[in-house]
Amino acid sequence: MIEYLEAIDIEIFKALNAHYNAYFDQLMWLVSSRLAWIPMCLALIYVVFRNNWRNGVAALILVALTITVCDQIASGVIKHAVERLRPTRTEELMGMVHTVKGYIGGMYGFVSSHAANSFGVAMLLALLFGNKVFTWLIFVWAATLSYSRIYLGVHFPGDILGGAIVGILAAIALHWLYERVLTTKARLYVAIDRPTQADMKIMNWSICVNMCVLGALAAILCFTT
């Protein structure tokens, strides 16, 4: 059964990774970079600190904790326990994988820490903010970032799915711990206020603008390099 699922995973990867062009090479490289999302992160910091600094500190601690937990589970535990080779390291795919800028990643790929981190943050913020439009946008961001890892040839779709599950479950667990244990039973009243509609417009636009800027920058790089 595992061999059958792995074979399907490889075929899906080959189908997805086979479609590429110069523009998307630049775009997916940018999307995969954590630095590319600094504008969106700055908007988040502004929104959570805007009305109450304690509110902001609590939110950032939760986000940082979620990323740390997701990254440690994905890279520190599962990858070394499973030891599934990345597509770029798989013998039967050698020479077939489309890569960008010679990047091939580390040895093991299951699960994807990029997917775990991005879906973890997306799930946590969706739970904290409770805004439908923002929830859709932040999960589109997580999915786009995760797909970039397949495009770049360093992860199978199964790696992404596994990472997404790890991230979502970790975020739900940490949110429950924060809301039900720390702020209720332990009486650490650092409840994070729901952002206003104006705040959510800032966050929603920041995601859209950030994506558009990356698209425009990719086009510039495509025609100048």
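Values in this document were obtained by computation on a predicted structure and should not be read as measured data.

This paragraph deals with the nonpolar core. Membership of the largest hydrophobic core comes to 40 residues, with the highest contact counts inside it found for W37, L125, F129, F134, W141 and M203. Secondary structure elements with two or more residues in this core: α2 (22-32), α3 (38-49), α4 (53-82), α5 (113-129), α6 (132-151), α7 (157-185) and α8 (197-224). Excluding residues that lie within four positions of it along the chain, W141 makes contacts with W37, M40, S118, V121, A122 and M211. Core analysis: the next-biggest nonpolar cluster, separate from the first, contains 8 residues, L93, V97, A115 and I150 among them.

Let us look at α8. For α8, spanning 28 residues, the distance from its first C-alpha to its last is 40 Å, which sits close to the expected 40 Å at 1.5 Å a residue. Of the positions making up α8, those classed as buried are D199, M200, M203, N204, S206, I207, N210, L214, G215 and A218. On its buried face, α8 sits against α2, α3, α5 and α6.

What follows covers the packing of aromatic side chains. Applying the stated rule across the entire model yields 6 aromatic pairs. Relative to F24, the ring of Y23 has its centre 5.4 Å away and its plane inclined at 80 degrees; by these criteria the two rings are edge-to-face. Y23 gets classed as partly exposed once you look at its relative accessible area, which sits at 28%. We classify F24 as partly exposed; its relative accessible area is 37%. Where W37 meets W141, the ring centres are 6.0 Å apart and the plane angle is 85 degrees; that geometry is what we call edge-to-face. Taken as a pair, W37 in the loop between α2 and α3 and W141 in helix α6 lie far apart in primary sequence, 104 residues in all. Assigned by exposure class, W37 and W141 land together as buried. In this arrangement the basic side chain of K101 is found over the ring face of W29, its NZ or CZ atom lying 5.7 Å from the centre.

Here the focus is the side chain of N210. Within the secondary structure layout, N210 lies in helix α8. Beyond its immediate sequence surroundings of up to four residues, N210 is in contact with A36, W37, P39 and M40.

Thresholds applied
- Residues numbered from 1 in each chain as written.
- Predicted model: local features only at pLDDT ≥ 70, side-chain atom pairs only at ≥ 80, totals over all residues.
- Heavy atoms only, no water.
- Core = buried A, V, L, I, M, F, W, Y, C linked by side-chain atoms within 4.5 Å.
- Buried < 20%, exposed > 50% of the residue type's maximum accessible area, 1.4 Å probe, protein only.
- Helix = DSSP H or I, 4+ residues; strand = E, 2+ residues; numbered from the N terminus.
- Contact = heavy atoms within 4.5 Å.
- Expected span 1.5 Å × (residues − 1).
- Phe/Tyr/Trp six-rings, centres within 6.5 Å; stacked < 30°, edge-to-face > 60°.
- Lys NZ or Arg CZ within 6 Å of the ring centre and 35° of its normal.

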